[in-house]
Amino acid sequence: MKAMVQNKRFLSEKLCTLTLTGDEGITSASPGQFVMVKVNEAFDPFLRRPLGIMEVDGNTFTLLFEIVGRGTKMLAQKNVGEELDVLGPLGKGFSLFPSFGILVAGGRGIVPLYFLASTLARTGIPFVFLLGIRSREELPLLDFLEKFSPVFWSCEEEVPGGFCGDVVALLQQYLSSVSLPVGTRVYACGPEGMVRALCRVEMLRGIPVEVSLESLMGCGFGVCLSCGVEKKDGKGYYHVCKDGPVFLLSEVGL
Amino acid sequence: MNLAVSLGKMKLSNPVILASGTCGYGKELVSYLDLNQVGALTIKSLSITPWKGNPPPRVRETCGGMMNSIGLENKGVHRFLEEDLPFLETLTTRVFVGIWGKTIKEYVAVAQELEKARRIDAIEVNVSCPNVEKGGATFLEDEETLRRLVAEVRSVTGKFLIVKVGPQVRDWGKVVSIFEKEKVEAISVTNSFPALSVDVEKMDFFFHLKFAGLSGPAIKPLALKMVYELLCVTALPVIGMGGIATASDALEFLLLGARAIGLGSYTLVNPSSALQVLKGLEEYLTRKQIDDINSIIGKVR
């Protein structure tokens, strides 16, 4: 679909949000799904960029991304009124009916979890939102969470009001202070190091953890098989674009 | 206007073919295009048993293209016949199926399995993969093994037989005489180019296996030269491919004498691009007041 930029906002030097109006195809998007965005009409950069969906309102949707290379840099240079070629929504999202949700986001991993939190809030399902950021630079991400409660956040540098450390340590502190209802699920998205650290959290034993993974991708619709992630049993690969991007932490080998 | 072309005895409704590895097992593309509108689709290369492929990372973008190190991951011929053939039987277009093996015996076994499926119109033998019995060099690099491979697959299949070659070919004359003698019916040119990329942050090779296949618009001029040179030494029909993204790209291959063209990596970017290429071919012929696409094939020699 063609999607027109309605709004662009820089949260920091590296973090940018684009709000776009597409067609009715996007209205069916569910939390955890993503789109493949072509950053220009030329053949260079050649591939689309996979970006998580943060918010959908009718046929308008919001993407939040970090400028990590030349593709995302070009995307951040788009202006209101410009059109982008977008495929999606794609992939398999989060399960939506826990009795209680623990949402754990690291940096730009906030994207699918913000969408999930909005959906849970609408359906009246209780949850807690834990956000970890690396530095003060990323503090504007906290503004998105104002409408949710409770929210806890951590920063790897000392900032008033925040837990000093990483989000997995914050999660451990949280888990040791509460008793969780049956049917609790953890939902996570963040850097590879954070996801690996989650695998080692003893207190998560017995609690299903759904994790949204990021991967280099060719197509986004299950054809090229570029986005392999090893199965836990070592017997082959899942493909992040089609089998995921959301997986049970227990089924992937990280 | 006539867009129908023929590769020897194989008739196609038009010259646009979806290349192996970029259209999956077919089904994956149905929400993006009507598969019956393309001349043929080529199912990604199948092996006799499921093959898990290479460890990630498997893809890296390059200037005007991409590198891949998928490592021929596929579900194996048996699961393909069970899970995907019923869908392919609902199509009216041509269905080509890629095959590969680590040994000649494995190629032959896949070809034998496919022989039972009447819906499959052609077998495309991918000879650009490593021969484990010869220390991992590709089948293309050893002419005697290549001859045996082609002859043994030919002996077990009555299907239209295509061989897909890559830039590893050392001597086109020798390779072509093998194909002609062993009754290969068409040649697909080219597979991706072996290439290399370095991860400067990790100070290491980007891909675990060092080399990966370069494809996309960046390789088009190289592929065109291969097609041109190949057509200097054979009368076998050639399916030209390598970096085609637009009708104009496709026309370059057709004008050089390719009888059909393969759309590869660009389908990954724009899954409905085959239809745009087809429309562009029609517009070109209309603009040039040509009513049969066959009259432009080989016009630039």
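Above this text is the structure in question.
Rules used throughout
Residues numbered from 1 in each chain as written. Chains lettered and ligands numbered in written order. Predicted model: local features only at pLDDT ≥ 70, side-chain atom pairs only at ≥ 80, totals over all residues. Heavy atoms only, no water. Contact = heavy atoms within 4.5 Å. Buried area = accessible area lost by both parts, 1.4 Å probe. Salt bridge = Lys/Arg side-chain N within 4 Å of Asp/Glu carboxyl O. Polar contact = N/O pair within 3.5 Å; in protein donor to acceptor, adjacent residues only side chain to side chain. Helix = DSSP H or I, 4+ residues; strand = E, 2+ residues; numbered from the N terminus. Nonpolar A, V, L, I, M, F, W, Y, C, P; charged D, E, K, R; others polar. Pairing = 2+ DSSP bridges. Buried < 20%, exposed > 50% of the residue type's maximum accessible area, 1.4 Å probe, protein only.

Trainee: Before we move on, can you summarise the interface of chain A and chain B with the specific residues and values?
Mentor: Taken together, the 29 residues of chain A in the interface contact 36 residues of chain B. Between chain A and chain B, the buried area comes to about 2,500 Å², and carbon and sulfur atoms account for 65% of it. At the boundary of chain A and chain B, one finds 3 salt bridges. Across the pair Arg-49 of chain A and Glu-61 of chain B runs a salt bridge whose closest N-O atoms are separated by 2.7 Å. Joining chain A to chain B, the criterion identifies 9 residue pairs in polar contact (both at pLDDT 80 or more). For the side of chain A that touches chain B, the elements supplying multiple residues, two or more each, are strand E6 (83-90), strand E13 (228-230) and strand E14 (237-239) of chain A. When residues of the side of chain A that touches chain B are assigned to their parent elements, the largest contribution, 3 residues, is made by E6 of chain A. Its residues assigned to classes, the side of chain A that touches chain B comprises 14 nonpolar, 7 polar and 8 charged.

Trainee: Go over the sheet that holds strand E7 (residues 100-106) of chain A, please, and point to the residues and values.
Mentor: Residue and element names in this part refer to chain A. Here 7 strands make up an open sheet; going across it, the order is E10-E9-E8-E7-E11-E12-E15 and the pairing mixed. The open sheet has two edge strands with one neighbour each: strand E10 (163-164) and strand E15 (246-248). Strand direction decides the pairing type here: E7 and strand E8 (residues 127-133), joined by 6 bridges, are parallel. What sits directly across from Ile-102, in E8, is Val-128.

Trainee: Outline the environment of Lys-210 of chain B, supporting the account with residue identities and numerical values.
Mentor: Residue and element names in this part refer to chain B. Examined against the element boundaries, Lys-210 turns out to sit in the loop between strand E13 (204-205) and strand E14 (211-215). For Lys-210, a relative accessible area of 38% puts it in the partly exposed group. For the pair formed by Lys-210 and Leu-140, sequence separation is 70 residues and the distance between their alpha carbons is 20 Å. Contacts of Lys-210, omitting those with residues within four sequence positions, involve Ala-195, Leu-196, Ser-197 and Phe-205.

Trainee: Describe unusual backbone geometry, listing the residues and the values that go with them.
Mentor: Both trends apply: most residues other than glycine have a negative phi, and most peptide bonds are in trans. The amide bond that connects Asp-44 of chain A to the next residue, Pro-45 of chain A, takes the cis arrangement and shows omega of 0°. As for its position among the elements, Pro-45 of chain A is in the loop between strand E3 (34-38) and strand E4 (49-57). A cis geometry characterises the amide bond from Gly-88 of chain A onward to Pro-89 of chain A, with omega recorded as 5°. With respect to the secondary-structure elements, Pro-89 of chain A resides in strand E6. For Leu-225 of chain A, which is not glycine, the phi dihedral falls at a positive 65°. With respect to the element layout, Leu-225 of chain A can be found in the loop between strand E12 (209-212) and E13. Residues other than glycine seldom take positive phi values, yet Leu-72 of chain B does so here, at roughly 65°. Inspection of the secondary structure assignment puts Leu-72 of chain B in the loop between strand E6 (65-68) and helix H1 (77-83).

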